[in-house]
Amino acid sequence: MGESSSGTGPAGNQRMLDKADRIGMYISIGVVALGSLLALVPAVGRLREVGDGRDVPVTVPLSGHEAELPLGPDGAAVTASVDTATVVVPNPAPATLFALYAQPIWTALMVIVACGFAAALFLRLARGTAFSGRTSRLIYIGAGVLLVGWFGSGVLMNMTTNGALSALSDYTYDDYVIFETSLAPFFVYLVVGAFAAAFQVGERLQRDTEGLV
């Protein structure tokens, strides 16, 4: 059975995790570091698809469209609703081309930054400095980065999809102005914010407890 130890640091007494838990935290740091490296793989793959900016495949969202697909017996046509389609854009407009290059880079960068915040949090947990003002601020900043990343990704995605549809239709596609969004990052932000608030409360309880000793 592991034993917890305590040490003295700039924030006062620090309750250290036992050896097994510290090893787990360091393993978690290694996992997020690996995740940040893996984030580069799809980014590089997408940049290779964009290539020199000609004949670029773009996945676009569709709404209220139907198409005949060979899904029936012996490849018979079946009418199906189409939610997304991958189209090839021969010559994207400059703004669209910028978004095509920027989107994978932005996404990879946000994943790497998020992994960095996670690694810093795991490191503070391993060192026994979880309940501190710095930890709470770290979580709040990480949540802010999450929102910025989500917003930036949404803007770039819509630039690519709207640009692709407008280029293919020569600006005659009536439904090409599409802005897709998701509430999932907002709920994740709330959860992360709740964790930050919990760490703040833990810091105050620990400080009050130490004052009674």
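Regarding the pairing of strand S3 (residues 56-70)
Thinking step 1. Bridge count for S3 against strand S4 (residues 77-89) is 12 bridges, and the pairing is antiparallel. Residue pairing across strands places threonine 59 opposite threonine 86, the latter belonging to S4.
Thinking step 2. Hairpin connection of S3 to S4: 6 residues between the antiparallel strands, including aspartate 74 at a positive phi of 55°.

Quick word on the packing of helix H1 (residues 19-38) against helix H2 (residues 40-50)
Two numbers describe a pair of packed helices, the interaxial angle and the distance between the axes.
Thinking step 1. With their axes 5 Å apart at the nearest point, H1 and H2 run at an angle of 0° to one another. The angle between H1 and H2 places the two elements in the roughly parallel class. Residue-level contacts link Ser36, Leu37 and Leu38 of H1 to Leu40, Val41 and Pro42 of H2.
Thinking step 2. By residue class, the composition of the contact of H1 with H2 is 5 nonpolar, 1 polar and no charged.

Brief notes about H2
Thinking step 1. If you check which residues of H2 are buried, you get Ala43, Arg46 and Val50. Down the axis of H2, the buried side of the element spans an arc of 65°, and every buried residue falls inside it. Turned more than 90 degrees away from the buried face of H2, the exposed residues are Val41 and Arg48.
Thinking step 2. Tucked inside the fold, the buried residues of H2 contact S3 and helix H3 (94-126).

Concerning the confidence of the model for the protein chain
Thinking step 1. Mean pLDDT over the protein chain stands at 78; residues scoring 70 or higher make up 71%.
Thinking step 2. For the protein chain, strand S1 (residues 6-9) is the element with the lowest average pLDDT, namely 44, and H2 is the one with the highest, namely 94.
Thinking step 3. Below a pLDDT of 50 lies the segment residues 1-13, which in the model reaches 17 contacts outside its immediate sequence neighbourhood of four places, other chains included.

Some points on the nonpolar core
Thinking step 1. Counting 11 residues, the largest nonpolar core is built from Val50, Val56, Val58, Val60, Leu62, Val82, Val87, Val89, Leu100, Ala164 and Leu165.
Thinking step 2. With 4 residues, S3 is the single largest residue contributor to this core.
Thinking step 3. Leave out the neighbours within four places in its chain, and valine 56 touches Arg46, Val50, Val87, Val88, Val89, Pro92 and Leu100.

Description of the pattern of salt bridges
Thinking step 1. All told, the structure shown has 2 salt bridges when counted by the stated rule.
Thinking step 2. Between glutamate 49 and arginine 46 there is a salt bridge; the shortest N-O distance is 2.8 Å. Taken together, the residues glutamate 49 and arginine 46, both in helix H2 and 3 residues apart, mark about one turn of the helix.
Thinking step 3. Owing to a relative accessible area of 45%, glutamate 49 belongs among the partly exposed residues under this scheme.
Thinking step 4. Its salt-bridge partner being aspartate 52, residue arginine 54 comes within 2.8 Å of it at the nearest N-O pair. Each of the two residues, arginine 54 as well as aspartate 52, counts as exposed.

Details of the environment of aspartate 55
Thinking step 1. Among the secondary structure elements, aspartate 55 is positioned in the loop between H2 and S3.
Thinking step 2. Along the primary structure aspartate 55 and asparagine 91 are separated by 36 residues, whereas in three dimensions their C-alpha atoms are 6.6 Å apart.
Thinking step 3. Contact partners of aspartate 55, with chain neighbours within four places excluded, come to Val88, Val89 and Pro90.

Remarks on the packing of H2 against H3
Thinking step 1. Running from amino to carboxyl end, H2 crosses H3 at an angle of 175°, the nearest separation of the two axes being 9 Å. It follows from the interaxial angle that H2 and H3 lie roughly antiparallel. Every residue of H3 that contacts H2 at Leu40, Ala43, Arg46, Leu47 and Val50 is listed here: Leu97, Leu100, Tyr101, Pro104, Ile105, Ala108 and Ile112.
Thinking step 2. Of the residues assigned to the contact of H2 with H3, the class counts are 11 nonpolar, no polar and 1 charged.

Analysis parameters
Residues numbered from 1 in each chain as written. Predicted model: local features only at pLDDT ≥ 70, side-chain atom pairs only at ≥ 80, totals over all residues. Heavy atoms only, no water. Pairing = 2+ DSSP bridges. Helix = DSSP H or I, 4+ residues; strand = E, 2+ residues; numbered from the N terminus. Axes fitted to C-alpha atoms, helices over the stretch in contact; angles between N-to-C directions. Parallel < 35°, antiparallel > 145°, perpendicular 65-115°, else oblique. Contact = heavy atoms within 4.5 Å. Nonpolar A, V, L, I, M, F, W, Y, C, P; charged D, E, K, R; others polar. Buried < 20%, exposed > 50% of the residue type's maximum accessible area, 1.4 Å probe, protein only. Arc of directions from axis to C-beta. pLDDT = per-residue confidence, 0-100. Core = buried A, V, L, I, M, F, W, Y, C linked by side-chain atoms within 4.5 Å. Salt bridge = Lys/Arg side-chain N within 4 Å of Asp/Glu carboxyl O.

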